[in-house]
Amino acid sequence: MIKYLFIFLFTFSALAETTPAVQTLDDLMKLVQTEKIEQKEELRKREAQFLKEKNQQQRLLNQAQVELANLEKVRKQLISEYNEHEKEIQVLNNELQIVIGTLGDIFGVVKQVSGEFLGNLSKSVVSAEITDRDEFLNHLMDQKRQPNINELRRLWLELQLEMTELGQVRKFEGQVVLEDGTKVDRTITRVGGFNLVSEGEYLTYQSDTSQIMALSKQPQGSFRRPIGDLEEGSGKEEYPFFVDPSRGALLSIELRKPTQMDRIRQGGAIGYLIILFLFVGLGIGGYRFKVLRKEELKIQQQLTNDKPSEDNPLGRLRLAFEKTQDMEVLEIKMEEVIAKSLPVFEKGIGWIRILAAVAPLCGLLGTVLGMIETFQSIQLFGTGDPKMMASGISMALVTTALGLICAIPLLFLHTVISSKSSNLIQTLEEQAAGLIAKKTSRGE
């Protein structure tokens, strides 16, 4: 009861605050009824508004559901297309990896070929005529991207140009740096990729300075002889020519080879002494051979002539035979004629034999001196540098060789002259024995 009374009072106080015109309970009742009617009207409007909005929401919901269904279909279609694209992407990725691998190999091969070709160009004598080819190759080696088709085509053309020029003989005008440093303009002949020649001389191409240099020393004459024919020719004929397939290595080795005079100098004083022995022995042998040949011709002429002559030993034997009647005196005179002829026949032969024996002994002496010098070099400098021992070894070997070179011809010469001298002496002795036998047969 109290509860209801409290609610009534609270409502009444509220109505009294909002509606100050209420004076009695009837007024309050009317007011409450009026308020109730208004509230119902308000609720009806609100309900109508809610129903209206509810229908609109339902319509929107239906529209959204339709759109959702359409989007679901699109989603399924996109998922299907996505899966198909994923498969295509996987296939394309595999193809891409293959292409990237191939292009990577091409990139590496291009760099490798460019580096090797650049190294070959730096040493090629073709670069003496065709210059400024290394810039493009350096560009290919330094770039980080894949080379394009034009760069690959130019690289191929450069390779083809080098191969073509290696088989051609060309003449061109160039500048040659002489040994004293002066520069002269010359017509240079390039023989493929092997040699450069000009004015009968070999030239060399210095890749580090890109200069054509004259050699400080030329090879021997047999190697230089074909150069003149090659330079004077029109290029259509064929000429024999010495080429260096090692691009200068064989030529440099040939230039480092010592000449005969260099080898003789390596023998030192002993080598010169042995050569002196050789010339002295050959001089004596040549002179004695000439004398013996002259005496031989005189004796042969006397054998065919019955009239004796004083200008040869056989003629003197016959004169002694004709002038002497006593057998004992005849034998003595004939022995005297033969004894006087012996120095003419045997003079100087002993010296040839001595020189032939002394020459190898001098060579042995040079060998010993050379080995002593070699061991002294080893003692002072060790065995680290073979060049320090080369002079002593050269002296040892060269003197030995010179001694043998001197002894062998002198021995042959001594044998020939001794044989000729013995034959002449034997001829005189046979003729003397025949004359004595003739005299004896007449006495019987």
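Heads up: the structure comes first, above all this text.
Residues numbered from 1 in each chain as written. Predicted model: local features only at pLDDT ≥ 70, side-chain atom pairs only at ≥ 80, totals over all residues. Heavy atoms only, no water.

## A short note on the packing of helix H3 (residues 134–142) against helix H4 (residues 149–165)
Moving on, step 1. Put simply, H3 and H4 touch, their axes get as near as 11 Å, and they point 135° apart. When the axis of H3 is compared with that of H4, the two are oblique. The two elements H3 and H4 meet at a crossing, and its hand is left-handed. Only Glu151, Arg154, Leu155 and Glu158 of H4 make contact with H3, whose side of the interface consists of Phe136, Leu137, His139 and Leu140.
Moving on, step 2. Of the residues assigned to the contact of H3 with H4, the class counts are four nonpolar, one polar and three charged. (Axes fitted to C-alpha atoms, helices over the stretch in contact; angles between N-to-C directions. Helix = DSSP H or I, 4+ residues; strand = E, 2+ residues; numbered from the N terminus. Parallel < 35°, antiparallel > 145°, perpendicular 65-115°, else oblique. Left-handed = near helix turned anticlockwise from the far one by under 90°. Contact = heavy atoms within 4.5 Å. Nonpolar A, V, L, I, M, F, W, Y, C, P; charged D, E, K, R; others polar.)

## Some points on the pairing of strand E1 (residues 169–177)
Moving on, step 1. As defined by bridge partners, E1 adjoins strand E2 (residues 183–191) across nine bridges and the pair is classed as antiparallel. Bridging from a neighbouring strand, Val169 pairs with Val191 of E2.
Moving on, step 2. What sits between E1 and E2 in their antiparallel hairpin is a turn of five residues, with Gly181 showing a positive phi close to 95°.
Moving on, step 3. By the bridge criterion, two bridges tie E1 to strand E5 (residues 211–214) in an arrangement that is parallel. Bridging from a neighbouring strand, Val177 pairs with Met213 of E5. (Pairing = 2+ DSSP bridges.)

## Description of the side chain of Ser198
Moving on, step 1. Summarising the element assignment, Ser198 is placed in strand E3 (residues 195–198).
Moving on, step 2. Side-chain polar atoms of Ser198 contact the backbone oxygen of Thr187, separated by 3.2 Å.
Moving on, step 3. Setting aside its immediate chain neighbours within four residues, Ser198 contacts Arg186, Thr187, Ile188, Leu203 and Glu231. (Polar contact = N/O pair within 3.5 Å; in protein donor to acceptor, adjacent residues only side chain to side chain.)

## A word on the nonpolar core
Moving on, step 1. Grouped together as the largest cluster of nonpolar side chains are 19 residues, with contacts concentrated most on Ile299, Leu317, Met334, Phe345, Ile417 and Leu428.
Moving on, step 2. Elements with a contribution of two residues or more to this core: helix H8 (268–303), helix H9 (313–323), helix H10 (327–346), helix H11 (349–381) and helix H12 (387–443).
Moving on, step 3. When residues in this core are grouped by element, the largest group, eight residues, is from H12.
Moving on, step 4. Contact partners of Leu317, with chain neighbours within four places excluded, come to Met334, Val337, Ile338, Leu428, Ala432 and Leu435. (Core = buried A, V, L, I, M, F, W, Y, C linked by side-chain atoms within 4.5 Å. Buried < 20%, exposed > 50% of the residue type's maximum accessible area, 1.4 Å probe, protein only.)

## Observations regarding a nonpolar patch on the surface
Moving on, step 1. Together, Leu361, Leu364, Leu365, Val368, Leu369 and Ile372 line one region of the surface with nonpolar side chains, adding up to about 530 Å² of accessible area.
Moving on, step 2. Looking at the secondary structure, you find Leu365 in helix H11.
Moving on, step 3. In this structure Leu365 comes out as partly exposed when scored by relative accessible area, which is 42%. (Patch = residues over 30% accessible without salt bridge, like charges linked within 9 Å, V, L, I, M, F, W, Y side chains within 5 Å. Areas by Shrake-Rupley, 256 points an atom, 1.4 Å probe, with all protein chains shown as cover. Salt bridge = Lys/Arg side-chain N within 4 Å of Asp/Glu carboxyl O.)

## So, the pattern of salt bridges
Two side chains that carry opposite charge are able to pair once their charged atoms sit near each other.
Moving on, step 1. All chains considered together, the criterion is met by nine salt bridges.
Moving on, step 2. Salt-bridge contacts for Arg190 lead to Glu165; the nearest nitrogen and oxygen are separated by 2.5 Å. Here Glu165 lies in helix H4 and Arg190 lies in strand E2, a separation of 25 residues in the sequence. Judged on exposure class, the residue Arg190 and its partner Glu165 are both buried.
Moving on, step 3. Notably, a salt bridge pairs Arg186 with Glu199, separated by 3.7 Å at the nearest N-O pair. With Arg186 in strand E2 and Glu199 in the loop between E3 and strand E4 (201–206), the pair connects residues that are 13 residues apart, well separated along the chain.
Moving on, step 4. Taking the relative accessible area as the measure of exposure, Arg186 reaches 12% and is therefore buried.
Moving on, step 5. Since its relative accessible area comes to 57%, Glu199 is described here as exposed.
Moving on, step 6. In the salt-bridge network here, residues are joined through shared partners; they are Glu129, Glu165, Arg170 and Arg190.

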